[in-house]
Every structure is written in C-alpha cells, then in structure tokens.
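# Survey of secondary and tertiary structure
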Amino acid sequence: MNPLKVQPARQLFTLIVYSENCVGLLNQVSTIFTRRCLNIEDVSASDSSMPDIHKLIITTWSDRPTMEKVVRQIEKRIDVLRVFLYTDDEIIYQEVALYKVSTEKLLREGGVESIIRHHSARIIEMTPDYTVFEKSGHPWETQALFDSLRRFDVQQFVRSGRVFVTRDPIQHFDLFLDLQNRRKDATTND
C-alpha cells in the first residue's frame, strides 16, 4: 500500500440528464449525489429541443472517476434516457441573476448608471419603491454586480442555475436518439 497515493484532481463538472418529465426524478438523482457525499452546486431543469424530453443540468465539484460512476448510476434510472458529463472547457455557459434594490436609495446616492454600464446589466422594472436589474454572465460576473450594488441595500438577489451549450458541433443526444431509432427499426424489421 502506497502512503503517498495521489488523489484525482477535483474540478467542476456539469452533467446534463435527459429524461421523460416524471415525478421524483430529481429526488432520485440527488440521492445518488448524497450517497457519494457530493454537494450539488446548482441545478436547473427545462424542456429540451425535442418534444416530451426534459433536461436536468447539475454542477458539482469532484474528480473524473467518481463522476463517471455517478453518470452510470443515474443512467440506471428507468426514466433517464442518457447522461452526458462535461468540464467547463467543453461548454459555453451562463447564468441569469436578478437584483432588487430601493429606488429611493438609487436616486439619492447616484452613480448607478455607471455601475449598470460597467456590468452590462439592464433595468427590467422600476417603481417608486424598488428597481430590478438583470445580469447574465458567469457566476463571478453576477457576483461582481451584487458587490457593486451592495451600497444601495440589495433587498433581494437570486441567481439561476447554469445553462449551457456544448462547444462540440455534434449534438450527442441527437446521435443517441438516432442510434436508438435504428435499433428499434432493425428489431421491427426482423
């Protein structure tokens, strides 16, 4: 036994789980992470580009061997069609953040225009009581705007989970579906 055994490098992984829209899937998937003592950093769910197929996007810090095991475990779920694993260099990703601040404080203190321009944010609603800003970007960018707005007493702040597209020109899930359909046709024609 080697006492200096090298531990695999931890990095941020993004998983995309394609499935039918079924009750309890998120619970089943999160249980797999819990059993391996993996913290889910963020999660988002939405329709996919294919009818009746939904996707769940999850990020977590881990090492590749552990994540490959997690992918295999998730794919064993009956409602899961396919799972893909990515690192940040393989995807283009963003999140959306909303910030609600006091309009009175904004008008009294001034300088908010330069903050909004500097961070490429936009005002999506302004009332006499509050103003809501929107910013899309990477987590450090949405956090930087939050830090800049702190002096205006941010009343509410929320960030979405990660959304992404792959850098690969091939849509791997489409290839998977094509393969499944060819297998189904071959079985039917026999």
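### Focus: the overall build of the chain
Helix and strand counts for the chain stand at six helices and nine strands. Within the chain, buried positions represent 36% of all 190 residues. Within the chain, residue pairs in contact and separated by at least 24 positions form 76% of the contacts whose partners lie at least 6 positions apart. Here the chain has roughly 12,000 Å² of accessible surface; of this, 51% comes from carbon and sulfur atoms.

### Topic: the sheet that holds strand 4 (residues 80-87)
Spatial ordering of the open sheet is given by 2-3-1-4, a layout of four strands whose pairing is antiparallel. Two strands bound the open sheet, and with one partner strand each, they are strand 2 (40-47) and strand 4. For this sheet the average axis-to-axis angle between neighbouring strands, irrespective of direction, equals 20 degrees. Sheet topology places strand 1 (residues 11-19) next to strand 4; seven bridges connect them, and they run antiparallel.

### Observations concerning a positive patch on the surface
Taken together, the side chains of R36, K69, R72 and K76 define a basic patch exposed on the protein surface. Here K69 lies in helix 2 (residues 64-75). Look at K69 and you get partly exposed, because its relative accessible area is 40%.

### Structural notes on the nonpolar core
In this structure, L15, V29, F33, M67, V70, I74 and V83 are the most contacted members of the largest nonpolar core, which totals 17 residues. Of all elements in the fold, only strand 1, helix 1 (25-35), strand 3 (54-62), helix 2 and strand 4 reach the threshold of two or more residues within this core. The contact partners of V83, leaving out residues within four places of it in the chain, are L15, I16, V17, V71, I74 and E75. Judged by nonpolar contacts, the second largest core, of 13 residues, contains V101, L106, A121 and L149.

### As for the pairing of strand 3
With seven of nine residues buried, strand 3 lies mostly within the body of the structure. Relative to strand 3, strand 1 is paired through nine bridges, and the arrangement is antiparallel. Its bridge partner being in strand 3, I16 is matched across the sheet by I57. Sheet analysis places strand 2 next to strand 3, joined by seven bridges and oriented antiparallel. By the bridge assignment, V43 is partnered in strand 3 with I58. Counted between consecutive antiparallel strands, the loop separating strand 2 from strand 3 contains six residues, among which D52 sits at a positive phi close to 65 degrees.

### A short note on the side chain of S44
With respect to the helices, strands and loops of the structure, S44 is situated in strand 2. A polar contact is formed between the side chain of S44 and the backbone oxygen of R162, at a distance of 3.0 Å. Beyond its immediate chain neighbours, meaning those up to four positions away, S44 contacts K55, L56, I57, G161, R162 and V163.

### Here's the deal with the packing of aromatic side chains
Tallied over the full model, the rule gives four aromatic pairs. Measuring from ring centre to ring centre gives 6.1 Å for Y18 and F84, while their planes differ by 80 degrees; the resulting arrangement is edge-to-face. Separated by 66 residues along the polypeptide, Y18 in strand 1 and F84 in strand 4 bring together distant segments of the chain. Comparing Y18 with F84 shows no difference in burial state: the two are buried. Each member of the aromatic cluster is reached from another via a ring pair, and the members are Y99, F146 and F157. Sitting above the plane of the Y130 ring, K100 keeps its charged end 4.6 Å from the centroid.

The rules behind each value
Residues numbered from 1 in each chain as written. Predicted model: local features only at pLDDT ≥ 70, side-chain atom pairs only at ≥ 80, totals over all residues. Heavy atoms only, no water. Helix = DSSP H or I, 4+ residues; strand = E, 2+ residues; numbered from the N terminus. Buried < 20%, exposed > 50% of the residue type's maximum accessible area, 1.4 Å probe, protein only. Contact = heavy atoms within 4.5 Å. Areas by Shrake-Rupley, 256 points an atom, 1.4 Å probe, with all protein chains shown as cover. Pairing = 2+ DSSP bridges. Axes fitted to C-alpha atoms, helices over the stretch in contact; angles between N-to-C directions. Patch = residues over 30% accessible without salt bridge, like charges linked within 9 Å, V, L, I, M, F, W, Y side chains within 5 Å. Salt bridge = Lys/Arg side-chain N within 4 Å of Asp/Glu carboxyl O. Lys, Arg positive; Asp, Glu negative; His and termini not counted. Charge placed at Lys NZ, Arg CZ, Asp CG, Glu CD. Core = buried A, V, L, I, M, F, W, Y, C linked by side-chain atoms within 4.5 Å. Polar contact = N/O pair within 3.5 Å; in protein donor to acceptor, adjacent residues only side chain to side chain. Phe/Tyr/Trp six-rings, centres within 6.5 Å; stacked < 30°, edge-to-face > 60°. Lys NZ or Arg CZ within 6 Å of the ring centre and 35° of its normal.

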